[in-house]
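# Structure at a glance
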Amino acid sequence: MSEDTDLDRIGEARARILDEIGADVTLVAASKRQPEERIEAALAVGQRVFGENRVQEAQARWTERRAMVDGLRLHLIGPLQTNKSEDAVRLFDVIETLDREKLLRALIKAVAKTGAAPPDLLIQVNTGAEPQKGGVLVEALEALLELARAEWPGRVTGLMCIPPADEPAVPHFALLKKLADRYDLPVVSMGMSGDYALAARLGATHVRVGTGLFGARES
Ligand SMILES: *Cc1c(COP(=O)(O)O)cnc(C)c1O
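In short, a report on the structure.

Calculation rules
Every chain's residues receive numbers from 1 upward, in the order its sequence appears when written. The predicted origin of the model limits local features to residues at a pLDDT of at least 70 and limits the giving and counting of side-chain atom pairs to 80 or more, whereas totals for whole chains, interfaces and linings rest on all residues. Only hydrogens and water are removed before side-chain values are computed, so all heavy atoms of the structure are retained for them. Throughout, the term near means that a residue has one or more heavy atoms lying within 4 Å of the molecule or strand in question. We call two N or O atoms a polar contact when they sit within 3.5 Å, provided that within protein one can donate a hydrogen and the other can accept it, with sequence-adjacent residues counted only if both atoms are side-chain atoms. Surface exposure here means Shrake-Rupley accessible area, sampled with a 1.4 Å probe, where a residue is shielded only by the protein chains that are shown. In this analysis, the protein atoms alone were mapped onto a 1 Å grid. Cavities are point sets where a 1.4 Å probe fits without being able to get out; pockets are open sets with protein on both sides within 12 Å along at least five of seven lines; lining residues have an atom within 4 Å of a point. Any molecule with more than half of its atoms within 2 Å of a cavity's or pocket's grid points is regarded as sitting in that cavity or pocket. Following the grouping adopted for this structure description, the nonpolar residues are Ala, Val, Leu, Ile, Met, Phe, Trp, Tyr, Cys and Pro, the charged ones are Asp, Glu, Lys and Arg, and the polar ones are all others, Gly among them. Grid points are joined across faces, edges and corners, and a volume is the space filled by probe spheres set on the points. Whether two aromatic rings pair depends on their centres lying within 6.5 Å, for rings of Phe, Tyr and Trp, where Trp uses its six-membered ring; planes under 30 degrees apart make the pair stacked, over 60 edge-to-face, and the rest tilted. Secondary structure elements are taken from DSSP: a helix is a run of H or I of four residues or more, a strand is a run of E of two residues or more, and numbering for both begins at the N terminus. The cut-offs for exposure are 20% and 50% of the maximum accessible area for each residue type, with area from a 1.4 Å probe on protein chains only; residues under the lower value are buried, those over the upper are exposed, and the others partly exposed. Note on pairing: DSSP must find at least two bridges between two strands before they are called paired. The handedness rule is simple: strands pointing away from the viewer, and a clockwise path from the first strand over the helix to the second, make the crossover right-handed. Whenever a carboxyl oxygen of Asp or Glu lies within 4 Å of a side-chain nitrogen of Lys or Arg, that contact is scored as a salt bridge.

Around the ligand sit Ala30, Lys32, Asn53, Ile77, Ile162, Met192, Ser193, Arg208, Val209, Gly210, Thr211 and Arg217, and that is every residue in its neighbourhood. Contact distances for the ligand include 2.4 Å between an oxygen atom and a side-chain N or O atom of Ser193. Contact between the ligand and Gly210: an oxygen atom at 2.8 Å from a main-chain N or O atom of the residue. Burial of the ligand by the protein amounts to 88% of the accessible area it has alone, namely 380 Å². Given that more than half its atoms are within 2 Å of the pocket grid, the ligand belongs to the largest pocket. When grouped by side-chain class, the residues that make up the shell around the ligand number five nonpolar, four polar and three charged.

Pasting the structure below:
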């Protein structure tokens, strides 16, 4: 597809999404496995907040580009292995997938060691209690949050969830919003291409949209 076509198509998709979510909700462009031309097109139409799933893919894409783009904000939205913590804190402004004590401690260490600016953190909540999925169980959220607040004050700003693919998302979105309110956390990251408008109505402050913005992923 030509670059002009990408530009028009992504520009129109972005305008429609922004209109649907309203001015108070941030669009995080989920850019995993998207070709470079589409990233360029998104930047050209003004997109500045991007979500990446893998540290290595994100490094390849953003490390050099970062210095050339004003106002770029990078969110890690995929699972993080502790041994990638230093690379992650060097690159990401927000890590949306904190889900265990070991990772919290690795991130604290990584910031001390690298001198990187401490990232904002969201705790990923496994609202559907799916065994294969990252995130803390709802019952374990309070303990992890209390620990994070004690060990790294001010870093955790909100919650994130990925509802089970085969269930209605509404109860999961409602639950995440309720938990965020209960613990006084302002950021709520939920909603993807199929349900971002719904998520925004149910209290999302951030929606993560990939295919609905860029088109189908490569591979
Ligand atoms: C890929 C991904 C998205 C975006 O999914 P789409 O269906 O392409 O919008 C959102 N959040 C996470 C965590 C993802 O991995």
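A separate point is the layout of surface pockets. In this structure, the largest pocket encloses a volume near 310 Å³. Lining of the largest pocket is provided by 21 residues; of these, Lys32, Asn53, Ile77, Ile162 and Met192 occupy positions nearest its centre. Counted by class, the lining of the largest pocket contains six nonpolar, 10 polar and five charged residues. Estimates place the volume of the second largest pocket at around 150 Å³. In terms of lining, the second largest pocket is formed by Asn53, Arg54, Val55, Gln56, Pro79, Leu80, Gln81 and Lys84. Its residues assigned to classes, the lining of the second largest pocket shows three nonpolar, three polar and two charged.

Below, the discussion takes up the packing of aromatic side chains. All told, the structure shown has one aromatic pair when counted by the stated rule. Measuring from centroid to centroid gives 4.7 Å for Phe50 and Trp62, while their planes differ by 50 degrees, and the two rings are tilted. One end of the pair, Phe50, is in strand β2 (residues 49-52); the other, Trp62, is in helix α3 (residues 55-62), with 12 residues separating them in the sequence. On the accessibility criterion, Phe50 (0% relative accessible area) is buried. Under the relative-accessibility criterion, Trp62 is labelled buried at 0%.

Quick look at the environment of Gln81 now. Note on placement: Gln81 falls in the loop between β3 (73-76) and α4 (85-91). The exposure class assigned to Gln81 is partly exposed, which follows from its relative accessible area of 49%. As for Gln81 and Val28, which are separated by 53 residues in sequence, their C-alpha atoms are 22 Å apart.

Attention now moves to the pairing of strand β6 (residues 156-160). Summarising burial for β6: five of the five residues are buried, a large majority. Of the pairings in the sheet, the one linking strand β5 (residues 120-124) to β6 comprises four bridges and is parallel in character. Each residue of the ladder has a partner; that of Ile123, found in β6, is Leu159. A crossover links β5 with its parallel partner β6, the connecting element being helix α6 (residues 138-151), and its sense is right-handed. Direction of pairing for β6 relative to strand β7 (residues 187-189): parallel, over a ladder of three bridges. Among the inter-strand pairings, Gly158 is bridged to a residue of β7, identified as Val187. Viewed along the sheet, the connection from β6 through helix α7 (residues 170-182) into β7 turns out right-handed.

For the rest of this paragraph, the subject is the pattern of salt bridges. This structure, assessed with the given rule, holds 16 salt bridges. Between Arg61 and Glu36 there is a salt bridge, with its nearest N and O atoms 3.4 Å apart. Taken together, the positions of Arg61 in helix α3 and Glu36 in helix α2 (residues 36-44) put the pair 25 residues apart, joining distant regions of the chain. Given a relative accessible area of 8%, Arg61 falls into the buried group. Owing to a relative accessible area of 36%, Glu36 belongs among the partly exposed residues under this scheme. Across the pair Asp87 and Arg90 runs a salt bridge, and its minimum N-O distance is 3.4 Å. A residue pair is termed a helical-turn pair when its members lie 3 or 4 positions apart in one helix, as Asp87 and Arg90 do in helix α4 at three residues. The exposure class of Asp87 is partly exposed, given its relative accessible area of 25%. Shared partners join several salt bridges into a network, and the residues in it are Glu36, Glu40, Glu52, Arg61 and Arg65.

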